[in-house]
Amino acid sequence: MGFARTCSVALVGVEGVVVEVQADLEPGVAAFTLVGLPDKSLTESRDRVRAAVVNSGAEWPQKKLTVGLSPASVPKGGSGFDLAVAAAVLGAAERIDPRAIADLVLIGELGLDGRVRPVRGILPAVLAAADAGYRQVVVPEQTAGEASLVPGVSVLGVRSLRQLIAVLTDEPVPEEERTEAGRPDAMLAGLLVPGAGLGTGLAADHTDPSEGPDLADVAGQHRARRALEVAAAGSHHLLLSGPPGAGKTMLAERLPGILPPLTRQESLEVTAVHSVAGILPPGEPLVRRAPYCAPHHSATMQSLVGGGNGLPRPGAVSLAHRGILFLDEAPEFSGKALDALRQPLESGHVVIARAAGVVRLPARFLLALAANPCPCGRHTLHGAGCECPAALVRRYQARLSGPLLDRVDLRVEVEPVTRSDLLGRGGRSETTEAVAARVREARDRAAARLADTPWNVNSEIPGHELRTRYLAAPGALATAERDIERGLLTARGLDRVLRVAWTVADLAGHDRPDSEDIALALELRTGIARGVPVEAGDRA
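Calculation notes
- For every chain, the first residue of the written sequence is number 1, and numbering continues from 1 along that sequence.
- Reporting of local features is limited, given that this is a predicted model, to residues whose pLDDT is at least 70; pairs of side-chain atoms are given and counted only at 80 or more, and all residues count toward the totals for whole chains, interfaces and linings.
- Only hydrogens and water are set aside when side-chain values are computed; all heavy atoms of the structure are taken into account.
- Where helices and strands are cited, they refer to DSSP runs of H or I of at least four residues and of E of at least two residues respectively, numbered from the N terminus.
- Partly exposed residues are those whose accessible area sits between 20% and 50% of the maximum for their type, while under 20% is buried and over 50% is exposed, using a 1.4 Å probe and protein chains only.
- A contact between two residues is defined here by any heavy atoms of the two lying within 4.5 Å.
- Shrake-Rupley sampling with a 1.4 Å probe provides the accessible areas, and residues are treated as covered by the protein chains on show and by no other component.
- Salt bridges are defined as contacts in which a side-chain nitrogen from Lys or Arg sits within 4 Å of a carboxyl oxygen from Asp or Glu.
- Working definition: a disulfide is two cysteine sulfur atoms within 2.5 Å of each other.
- What pLDDT reports is the predictor's confidence in each residue, on a scale of 0 through 100.
- Structural elements are reduced to axes, namely lines fitted to C-alpha atoms, with helices fitted over the stretch in contact, and the angle between N-to-C directions of any two is expressed from 0 to 180 degrees.
- Left-handed describes a crossing whose near helix is turned anticlockwise from the far helix through less than a right angle; right-handed describes the clockwise counterpart.
- Polar here means any residue outside two lists: the nonpolar Ala, Val, Leu, Ile, Met, Phe, Trp, Tyr, Cys and Pro, and the charged Asp, Glu, Lys and Arg; Gly therefore counts as polar.
- Patch definition: residues above 30% relative accessible area lacking any salt bridge, with like charges linked at up to 9 Å and the nonpolar side chains Val, Leu, Ile, Met, Phe, Trp and Tyr linked at up to 5 Å.
- When DSSP finds two or more bridges between a pair of strands, those strands are recorded as paired.
- We define a nonpolar core as any set of buried Ala, Val, Leu, Ile, Met, Phe, Trp, Tyr and Cys residues linked to one another through side-chain atoms lying within 4.5 Å.
- For classification purposes, an angle smaller than 35 degrees is called roughly parallel, one larger than 145 roughly antiparallel, one from 65 to 115 roughly perpendicular, and anything else oblique.
- Each residue after the first adds 1.5 Å to the expected span of a helix.

**Q** Explain the overall build of the protein chain to me, please; I cannot follow it from the model alone.
**A** Helix and strand counts for the protein chain stand at 23 helices and 17 strands. Projected onto the principal axes, the alpha-carbon positions of the protein chain cover approximately 85 × 50 × 45 Å. Burial analysis of the protein chain (540 residues in total) assigns 50% to the buried set. Pairs at least 24 apart in sequence give 72% of the contacts found in the protein chain among residues at least 6 apart. Per element, the accessible surface of the protein chain, about 23,700 Å² overall, is 50% carbon and sulfur.

**Q** Before we go on, may I ask you to explain the pattern of salt bridges in this structure?
**A** Using the criterion set out here, one finds 27 salt bridges in the structure. Between Arg342 and Asp339 there is a salt bridge, with the nearest N and O atoms lying 3.3 Å from each other. The residue Arg438 makes a salt bridge to Glu430 at a minimum N-O spacing of 2.7 Å. Overall, Glu430 belongs to the partly exposed group, its relative accessible area being 32%.

**Q** Looking at this model, I keep getting lost on helix 3 (residues 82–92). Mind explaining?
**A** The periodicity of an α-helix, 3.6 residues per turn, causes residues three or four positions apart to be oriented the same way. The buried fraction of helix 3 is high, at eleven of eleven residues. Of all the residues in helix 3, the buried ones are Asp82, Leu83, Ala84, Val85, Ala86, Ala87, Ala88, Val89, Leu90, Gly91 and Ala92. Positive phi shows up at Glu94, right after helix 3, with a value of about 65°.

**Q** Just checking my understanding: could you explain the state of the cysteines for this structure?
**A** What is meant by a disulfide is a covalent connection between two cysteines, made through their sulfur atoms. Applying the stated criterion across every chain, the model contains zero disulfides. In this structure Cys376 is a free cysteine whose sulfur lies 3.4 Å from that of Cys374, the closest cysteine sulfur available. Residue Cys376 is classed as partly exposed on the basis of its relative accessible area, which comes to 24%. Looking at Cys386, it has no disulfide partner, and the nearest cysteine sulfur is the one in Cys376, 3.6 Å off.

**Q** What is the right way to read the side chain of Ser401 from this model?
**A** Along the chain, Ser401 turns up in the loop between helix 16 (390–397) and helix 17 (402–405). In this structure, Ser401 is in contact with Asp339 and Arg342, ignoring residues within four places of it in sequence.

**Q** Help me understand the environment of Gly463, please; the structure alone is not making it clear to me.
**A** Looking at the secondary structure, you find Gly463 in helix 20 (residues 463–468). A residue is classified by how much of its surface remains accessible, and Gly463, at 9% relative accessible area, is buried. Apart from residues no more than four positions distant in its own chain, Gly463 is found in contact with Asp495 and Arg499.

**Q** Can you walk me through the confidence of the model for the protein chain in this structure?
**A** Reading fine detail from the predicted coordinates is not recommended where pLDDT is low. Residue-level pLDDT values for the protein chain average 88, and 90% of them are 70 or greater. When the elements of the protein chain are averaged for pLDDT, strand 10 (residues 202–203) gives the smallest value, 48, and strand 5 (residues 105–106) the largest, 98. Contacts of residues 203–207 to residues separated by more than four positions or lying in other chains number twelve contacts, the stretch itself having pLDDT below 50.

**Q** Would you explain the environment of Ala320 in this entry?
**A** Relative to the helices and strands, Ala320 resides in the loop between helix 13 (316–319) and strand 13 (324–327). As a C-alpha pair, Ala320 and Arg264 span 56 residues in sequence and 17 Å in three-dimensional space.

**Q** Just checking my understanding: could you explain the packing of helix 19 (residues 432–449) against helix 22 (residues 491–508) for this structure?
**A** Each pair of packed helices can be summarised by the angle the axes make with each other and by the distance between the axes. One way to put it is that helix 19 packs onto helix 22 with a least axis distance of 8 Å and a crossing angle of 115°. Read as a crossing pair, helix 19 and helix 22 show a hand that is right-handed. On helix 22, the residues that touch Arg438, Val439, Ala442, Arg445, Ala446 and Arg449 of helix 19 are Trp502, Asp506 and Leu507. Here the contact of helix 19 with helix 22 is composed, by residue class, of five nonpolar, no polar and four charged.

**Q** Would you take a moment to explain a nonpolar patch on the surface for this structure?
**A** On the surface, a cluster of nonpolar side chains totalling about 290 Å² of accessible area is made up of Val417, Leu422 and Leu423. Relative to the elements of secondary structure, Leu422 occurs in helix 18 (residues 419–422).

**Q** Please explain the pairing of strand 13 as it appears in this structure.
**A** Both faces of the sheet carry side chains from a regular strand, because those side chains alternate between them. Covered by surrounding structure in strand 13 are Ile324 and Phe326 together with Leu325 and Leu327, the residues of both alternating faces. Of the strand pairs in this sheet, strand 12 (residues 292–293) and strand 13 are connected by two bridges, and their pairing is parallel. Within strand 13, the position partnered with Tyr292 by the bridge is Ile324.

**Q** Just checking my understanding: could you explain the nonpolar core for this structure?
**A** Nonpolar side chains in soluble globular proteins generally cluster together in the buried interior. Grouped together as the largest cluster of nonpolar side chains are 59 residues, with contacts concentrated most on Leu228, Leu240 and Ile258. In terms of residue count, helix 22 provides more of this core than any other element does, eight residues in total. When sequence neighbours within four positions are dropped, the list of residues in contact with Ile258 reads Leu215, Leu228, Glu229, Ala232, Thr432, Val435, Ala436 and Val439. Membership of the second largest hydrophobic core comes to 39 residues, among which are Leu83, Ala87, Ile96 and Leu161.

**Q** How do you make sense of the environment of Asn309 when you look at a structure like this?
**A** Assignment of secondary structure puts Asn309 in the loop between helix 12 (301–305) and helix 13. Sequence spacing of Asn309 and Ala355 is 46 residues, and the spatial spacing of their C-alpha atoms is 9.7 Å.

**Q** Would you mind going over the packing of helix 8 (residues 222–234) against helix 19 with me for this structure?
**A** Between helix 8 and helix 19, the least distance of the axes is 8 Å, while the angle of their chain directions is 40°. It follows that helix 8 is oblique to helix 19 by the angle criterion. Crossing hand, helix 8 versus helix 19: right-handed. In this structure, helix 8 contributes Arg225, Glu229, Ala232, Ala233 and Gly234 to the contact, and helix 19 contributes Val435, Arg438, Val439, Ala442 and Arg443.

**Q** What should I look at first to understand unusual backbone geometry in this one?
**A** Outside of glycine, negative phi angles account for most residues, and trans bonds account for most peptide bonds. Ser70 connects to Pro71 through a cis peptide bond whose omega is 10°. Despite not being glycine, Ser235 shows a phi value in the positive range, around 60°. Structurally, the position occupied by Ser235 is in the loop between helix 8 and strand 11 (238–241). In this structure, Glu329 is a non-glycine residue whose phi angle is positive, near 55°.

**Q** Would you explain helix 11 (residues 264–277) in this entry?
**A** Between its terminal C-alpha atoms helix 11 stretches 20 Å, which fits the 20 Å expected from 14 residues at 1.5 Å a residue. Among the 14 residues that make up helix 11, eleven are buried, leaving the element largely enclosed by the rest of the structure. All of the buried residues along helix 11 are Glu266, Ser267, Leu268, Val270, Thr271, Ala272, Val273, His274, Ser275, Val276 and Ala277. Looking one or two residues past helix 11, Gly278 carries a phi angle of roughly 80°, positive in sign.

See below:
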C-alpha cells in the first residue's frame with residue numbers, strides 16, 4: 001500500500017482555500033477514483049494526469065488508485081489541481097519521495113504531453129498559501145513572476161512534469177523546448193478569457209499615463225475639469241450631465257490619467273481580481289495604474305456586480321476595484337442594475353449569495369456617471385428644438401433614483417462648448433500632468449492627516465468623525481445648515497459635502513475647510529451657484 005499527500009488551492013471568488021491532495025494505492029483492479037466534491041473540469045483531470053505521467057517517462061501504477069481532495073465540503077473546480085494530483089500519485093507510487101511534496105503547494109494544469117500550462121488566479125492562490133503558513137510553491141513558469149509578488153514565499157516555476165520530477169529526485173533537470181520569439185505561445189491561452197473584460201471596455205493601464213488622453217485636449221469646461229480634479233483627489237463619485245457632444249465621455253476618459261499610481265497593497269488587490277477574472281496580460285504580473293472599466297449600457301445586473309453559473313465571478317464593480325467605473329448613458333442602464341450599485345458604493349465590497357455558496361468580492365471604486373437631460377439630449381439647450389414631453393423628461397431623469405444620486409458627491413452640468421473655446425482663443429488648457437501633480441499633493445496632505453486611522457482618502461471618513469474629530473473652520477457650515485433646514489440636503493448629503501470640502505481644502509493647501517471650501521463643495525453637490533470660483537488657481 002502506498003500513500004502520499006501534497007497541497008493545492010481552491011479559489012472561492014478572489015479568496016483561496018488550501019486543499020490537501022491525498023493519493024492512496026491499494027491492491028486490486030486498476031482504477032482511478034477522484035473524490036472531494038470536484039466539478040466537471042476537475043473530474044476530467046484523471047485522463048489528463050494519466051497521459052501526462054506516462055508521456056513524462058514515469059510508470060503509471062496498475063493498482064486501485066483513490067485521490068481525495070480535503071476538505072471535502074469545499075467545492076473545487078478548474079484544472080489547477082492537475083500538478084498536485086500528479087505529484088501525489090507519483091509519491092504514492094514511490095517514484096518521488098512523499099516527504100519532498102508534503103509541504104509543497106502545487107498549482108498548474110497538465111497537458112497530455114506533460115507540459116505544465118498556466119492557470120488563472122495564481123496570485124490569490126499563493127496569497128492564501130502564504131496565509132496558511134506554506135513557504136514553498138510550484139507554479140507554471142509563465143506565472144512565476146505573478147507568484148513572486150507574494151513576500152516570504154519561495155517560488156519554483158516549471159515548464160513540464162519531467163522538470164518537477166527531476167527537481168524533487170535530484171536528477172539533472174531536462175531542457176524543454178521554448179516557443180520561438182515572435183510565434184504565438186499556445187501555453188498562454190488559458191490566462192486570457194475572451195470577453196471577460198478587455199473586450200467590454202476594461203483597460204488596465206500598464207503604460208505611462210502620459211501616453212494616454214490629455215486633459216489639455218478638452219476645450220473649456222472649467223467647472224467640469226475642476227470637478228474631475230476634486231473627484232480624483234478625494235475619490236468622490238461624479239455625475240456629468242449635459243447635452244450630447246459637450247464632452248462628458250471625453251472628460252471621463254481622462255480621469256484615470258490624473259489618479260495617482262496604486263500603492264503596493266492596492267496593486268496586489270487589483271492584480272488578484274484581474275488574475276481570477278482572466279484579464280491579466282501575460283508579462284505584466286502587477287497592475288500599477290488604476291483600472292478603468294466602462295461597460296455598455298445594455299449590461300445586466302449580474303455583469304455589473306458579479307454572477308454566473310456556480311460560484312459567482314467578478315463583475316464590473318470588482319474589475320474597477322481601486323479604479324474607475326464609468327457608466328456612459330447612465331439612464332439607459334436598467335433600474336435593477338443601477339440600484340445594485342448602492343451597497344458597494346457604501347461598503348466597498350459586494351456580497352453575492354448563490355446556491356453554490358456566498359462570495360465576498362472587493363468593489364471600492366470611483367463611480368463616474370454621464371447622462372443626457374432627456375431622450376433627445378436637447379432639453380437644456382435654448383432654441384434647440386427639444387420635442388420631449390415634460391412627463392417623458394421626468395421619467396427619463398428619474399431612472400437615476402434618488403438613493404443612488406444621494407451617494408454621488410459631485411453633480412456637474414456640462415455646458416456646450418463655446419466657439420472661442422473650441423477654436424482655441426481662450427488659450428490651451430492645463431495638461432494632465434499638471435493636474436495630476438496637484439492631485440498627488442492633495443492626496444499626500446490627506447494621507448498625513450489620516451496616518452493613524454484606517455482610512456486613506458477623504459471619501460472613506462465616516463460622518464461621525466467628520467462632525468466630531470475633523471472640524472471645519474468656525475461658522476463655515478452656516479450655509480450647509482440652512483440647506484438642511486430647507487430640505488436641499490440630507491444627513492448623508494451633509495457628510496458627503498464635508499468630505500468634498502476637505503478635499504477642496506487639501507487642493508487649496510488649507511489646514512481645514514473654510515466657508516469658501518464649504519460653498520464650493522455645496523455647489524458641486526447641489527448644482528446651485530454659490531458665487532465661488534471653480535477654476536484651479538483662482539484661489540491661491
